[in-house]
Amino acid sequence: MIISSPGDFREAARRKLPPFLFHYIDGGAYAERTLGRNVSDLADIALRQRVLKGSEDLDLSVDLFGEKLSLPVVLAPVGLTGMYARRGEVQAAKAAASRGVPFTLSTVSVCPIEEVAPAIDRPMWFQLYVLRDRGFMKSVLERAKAAGVKTLVFTVDMPVPGARYRDAHSGMSGPNAEIRRMVQAMTHPAWAWDVGLRGTPHDLGNVSAYLGKPTGLADYIGWLAGNFDPSISWKDLEWIRDAWDGPMIIKGILDPEDAKDALTFGADGIVVSNHGGRQLDGVLSTATALPPIAEAVQGRMKVLMDSGVRNGLDVVRALALGADAVLIGRAFVYALAAHGQAGVAQLLDLFEKEMRVAMTLTGAKSVADIDRSMLAEHA
Ligand code: FNR
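Given the structure is predicted, the values throughout are model-derived calculations rather than measurements.

On to the site of the ligand. Around the ligand, the surrounding shell holds 23 residues, and the nearest of these are Pro77, Ser106, Thr155, Asp306 and Arg310. The backbone of Gly308 places a nitrogen or oxygen atom 2.8 Å from an oxygen atom of the ligand. In the environment of the ligand, an oxygen atom lies 3.0 Å from a nitrogen or oxygen atom belonging to the backbone of Gly329. Protein burial of the ligand: of its 600 Å² of free accessible surface, 99% is covered by the chains. Broken down by secondary-structure element, the contributors of at least two residues to the shell around the ligand are α2 (19-26) and β5 (125-129). Partitioned by chemical class, the residues of the shell around the ligand number eight nonpolar, 10 polar and five charged.

Let's shift gears to the pattern of salt bridges. Under the counting rule described, the total for this entry stands at 17 salt bridges. The residue Glu32 makes a salt bridge to Arg166 at a minimum N-O spacing of 2.9 Å. Of this pair, Glu32 sits in the loop between α2 and α3 (33-43) while Arg166 is found in helix α7 (residues 165-170), placing the two residues 134 residues apart along the sequence. Put simply, Arg10, Asp26, Glu32 and Arg166 are held in one network by salt bridges that share partners.

Turning our attention to helix α15 (residues 312-320). Judged by how many residues are buried, α15 sits mostly within the fold: eight of nine residues are covered. On its buried side, α15 packs onto α3, β3 (73-75), α14 (286-297), β9 (302-305), β10 (325-328) and α16 (330-362). Two or three places before Leu313, at the opening of α15, Asn311 has a side-chain oxygen 3.2 Å from that residue's backbone nitrogen. Backbone geometry just downstream of α15 places Gly322 in the positive-phi region, at approximately 125°.

Turning our attention to the packing of aromatic side chains. One pass over the structure, following the stated rule, counts five aromatic pairs. With a centroid separation of 5.9 Å and 70° between ring planes, the pair formed by Phe65 and Trp125 is classed as edge-to-face. Taken together, the residues Phe65 in the loop between β1 (62-64) and β2 (67-69) and Trp125 in strand β5 connect sequence positions 60 residues apart. For the pair Phe65 and Trp125, one class covers both residues: buried. Taking 5.3 Å as the distance between ring centres and 70° as the angle between the ring planes, the aromatic pair formed by Phe136 and Tyr210 counts as edge-to-face.

In the contact formed by α15 and α16, the axes pass within 7 Å of each other and the chain directions differ by 55°. Judged by the angle between their axes, α15 and α16 are oblique. α15 and α16 meet at a crossing whose hand is right-handed. Residues Gly312, Leu313, Val315 and Val316 of α15 touch α16, and the partners they reach there are Phe351, Glu354, Met355 and Ala358. In terms of residue class, the contact of α15 with α16 is built from six nonpolar, one polar and one charged.

Attention shifts here to the pairing of β5. Here β5 lies mainly inside the structure; five of its five residues are buried. Where strand β4 (residues 104-105) lies against β5, two bridges are found, and the strand directions are parallel. When the sheet's bridge partners are listed, Leu105 is paired in β5 with Phe126. Here β5 pairs with strand β6 (residues 152-155) via four bridges, running parallel. Considered in β6, the bridge of Leu128 is made with Phe154. A crossover links β5 with its parallel partner β6, the connecting element being helix α6 (residues 134-146), and its sense is right-handed.

Let us now look at the nonpolar core. Core analysis: the largest hydrophobic core is formed by 128 residues, its most contacted members being Tyr84, Phe154, Ile250, Ile270, Ile328 and Phe332. Among the elements that take part in this core, α16 stands out by supplying 17 residues, more than any other.

Reading guide: rules and limits
Residues numbered from 1 in each chain as written. Predicted model: local features only at pLDDT ≥ 70, side-chain atom pairs only at ≥ 80, totals over all residues. Heavy atoms only, no water. Near = heavy atom within 4 Å. Polar contact = N/O pair within 3.5 Å; in protein donor to acceptor, adjacent residues only side chain to side chain. Areas by Shrake-Rupley, 256 points an atom, 1.4 Å probe, with all protein chains shown as cover. Helix = DSSP H or I, 4+ residues; strand = E, 2+ residues; numbered from the N terminus. Nonpolar A, V, L, I, M, F, W, Y, C, P; charged D, E, K, R; others polar. Salt bridge = Lys/Arg side-chain N within 4 Å of Asp/Glu carboxyl O. Buried < 20%, exposed > 50% of the residue type's maximum accessible area, 1.4 Å probe, protein only. Contact = heavy atoms within 4.5 Å. Phe/Tyr/Trp six-rings, centres within 6.5 Å; stacked < 30°, edge-to-face > 60°. Axes fitted to C-alpha atoms, helices over the stretch in contact; angles between N-to-C directions. Parallel < 35°, antiparallel > 145°, perpendicular 65-115°, else oblique. Left-handed = near helix turned anticlockwise from the far one by under 90°. Pairing = 2+ DSSP bridges. Right-handed = clockwise from strand over helix to strand, strands pointing away. Core = buried A, V, L, I, M, F, W, Y, C linked by side-chain atoms within 4.5 Å.

What follows is the structure, encoded as structure tokens:
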């Protein structure tokens, strides 16, 4: 299949993956209304076209948390990325490093911290969930620190898991799930050979290292379900703030009041996110939630945004709405599933190209020039 745009990777991934994996990444919570709005609200943002501004030497780089990024883009933490390509987290991290942007390893990755961090020549970011098992949280933080991680992404929008109804239909969960997954794997031989056979162990690398025993997909779902902590509050995060020397980003903010609380807490940044529409369906899209949050924060900490970013033009839109940088989730996993490391690198190249065109035609010479004045509503 010919890949000419960032959007092409989704269909390529759909063809290659067993359906349970495609729908796990592609789906959202409940009726998927927020998932749909994330994409459409962002795509509907109109920019002001400006001409004859002499935008030749464009600077797409940003400084974020003491790091230089060649694009204002970060690969988001996505659990089970290693099921989408052989040792998928390593491949995605290498692609990100080759293009000068950070990769964020999920708590529930297939490849453990110790496998991914040494494979790249820039520090990766690490994402931590709030879990009942505080011993696990402590030990994983120590391991991340030992592996050279500086930036911690603390995800707070999963005190309970959102129901993703597609998963029961696709075989990710539901009746006879294991048999259905086996049948799907056999009918997708390219995936079965590359990931199913050669990509083992299919394990939650960070968790099994802690529990001291291998964990499979069923354990993943069981362990996570038993470990969410709905009682969590800002106070419970204080020990992490004290234990972590580097930048700490709170991911999963959708309301200006929570953004202010994150500031009071002492966060270095937030990610305006609804978890890609996978948690509470019906909440605001991030394109809608972002402007009042950026307004409330007033530049006192970094504001990142995700959920719905599918291409380079979307990055420019998100920045115009007030973000300092974006995270991409599904977009990079589709590319990884389709063509591994090379696919993710190609995706980032396509993002860059689209950003360059958008900046040239809006008169922005650098990322700092991309602000609300670029929105058509300000014309
Ligand atoms: C996620 N996301 C996520 N977030 C997180 O903090 N830890 C995690 O382990 C995961 N796992 C995960 C799995 C899958 C399959 C998806 C699609 C997403 C959320 C992710 O970091 C990010 O917020 C969204 O993916 C952003 O939305 P888009 O870019 O996918 O629209």
